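Understanding the architecture of this molecule
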Amino acid sequence: MAPQPLTPEEIESALAELPGWEWDRERNLLKRSYSFARHLQAAAMVIHVARIQDESDHHADLLLGYNTLGVSVNTHSVGGKVTERDVRLARRIEEIAPAHGAR
Ligand SMILES: C[C@H](O)[C@H](O)[C@H]1CNC2=NC(N)=NC(=O)C2=N1
């Protein structure tokens, strides 16, 4: 069943428990930027996030920089809106970020 787009209140409520994540209202997506001491730490996190995304069949856009990793996500199947699937992916990524040295 297609996930329902979240209301602004639901998004803000979810973000309250996702430090560092923002709702880009213009592009209607959730985003977070992580920074690292070393490039390879950022690159290693990309692989881990990719595995999580394939497991959950929900994929963010990832932007790997010198010592940064940008994550932005919404749900394509409902026309690019923020749903519970995006919040769930953000929570999973937050769970693994500290072990990668992400700040
Ligand atoms: C066929 C496959 O299950 C779908 O295309 C999945 C893949 N990953 C996805 N990722 C995101 N962000 N939104 C989707 O609607 C989506 N759909």
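Just so we're clear, the structure is a prediction, and the values are computed from it rather than from any experiment.

Calculation rules
- Residues numbered from 1 in each chain as written.
- Predicted model: local features only at pLDDT ≥ 70, side-chain atom pairs only at ≥ 80, totals over all residues.
- Heavy atoms only, no water.
- Salt bridge = Lys/Arg side-chain N within 4 Å of Asp/Glu carboxyl O.
- Helix = DSSP H or I, 4+ residues; strand = E, 2+ residues; numbered from the N terminus.
- Buried < 20%, exposed > 50% of the residue type's maximum accessible area, 1.4 Å probe, protein only.
- Expected span 1.5 Å × (residues − 1).
- Arc of directions from axis to C-beta.
- Contact = heavy atoms within 4.5 Å.
- Near = heavy atom within 4 Å.
- Polar contact = N/O pair within 3.5 Å; in protein donor to acceptor, adjacent residues only side chain to side chain.
- Areas by Shrake-Rupley, 256 points an atom, 1.4 Å probe, with all protein chains shown as cover.

**Details of the pattern of salt bridges**
When charged atoms on two side chains of opposite charge get close, those side chains can pair. Counted by the stated rule, this structure contains six salt bridges. Residue Glu12 pairs with Arg25 through a salt bridge whose shortest N-O separation is 3.2 Å. On the criterion of sequence distance, the pair formed by Glu12 in helix H1 (residues 8-15) and Arg25 in the loop between strand S1 (22-24) and strand S2 (29-35) is long-range, its members being 13 residues apart. For Arg25, a relative accessible area of 52% puts it in the exposed group. Between Arg92 and Glu55 there is a salt bridge, and its shortest N-O distance comes to 3.5 Å. You can see Arg92 sitting in helix H3 (residues 84-96) and its partner Glu55 sitting in helix H2 (residues 39-56), a full 37 residues away along the chain. Using a relative accessible area of 31% as the deciding quantity, one classes Arg92 as partly exposed.

**Thoughts on H2**
Its 18 residues place the ends of H2 26 Å apart at the C-alpha level, agreeing with the 26 Å of an ideal helix rising 1.5 Å per residue. Looking only at H2, the buried set comprises Ala42, Met45, Val49, Ile52 and Gln53. Along H2, the residues classed as buried sweep out an arc of 100° about the axis, all on the same side. Opposite the buried face of H2, by more than 90 degrees, sit the exposed residues Leu40, Ile47, Asp54 and Glu55. Looking at the packing, one finds that the buried side of H2 touches S2, strand S3 (61-64), strand S4 (68-73) and H3. At the exit of H2 stands Asp57, carrying a positive phi of roughly 50°.

**Considering the site of the ligand**
In the vicinity of the ligand, the residues found are Asp57, His58, His59, Asn74, Thr75, His76 and Ser77. Here Asp57 contributes a side-chain N or O atom positioned 2.3 Å from an oxygen atom of the ligand. Here His76 contributes a backbone N or O atom positioned 3.1 Å from a nitrogen atom of the ligand. Bound to the protein, the ligand loses 63% of the 390 Å² it would expose on its own.

**Description of the side chain of Glu94**
Mapped onto the elements of the fold, Glu94 is located in helix H3. Residue classification places Glu94 among the buried residues on the basis of a relative accessible area of 17%.

**A short note on the side chain of Gln53**
Structurally, Gln53 is set in helix H2. In contact with Gln53, other than residues within four places in its own chain, are His58, His59, Ala60, Leu62 and Leu89.

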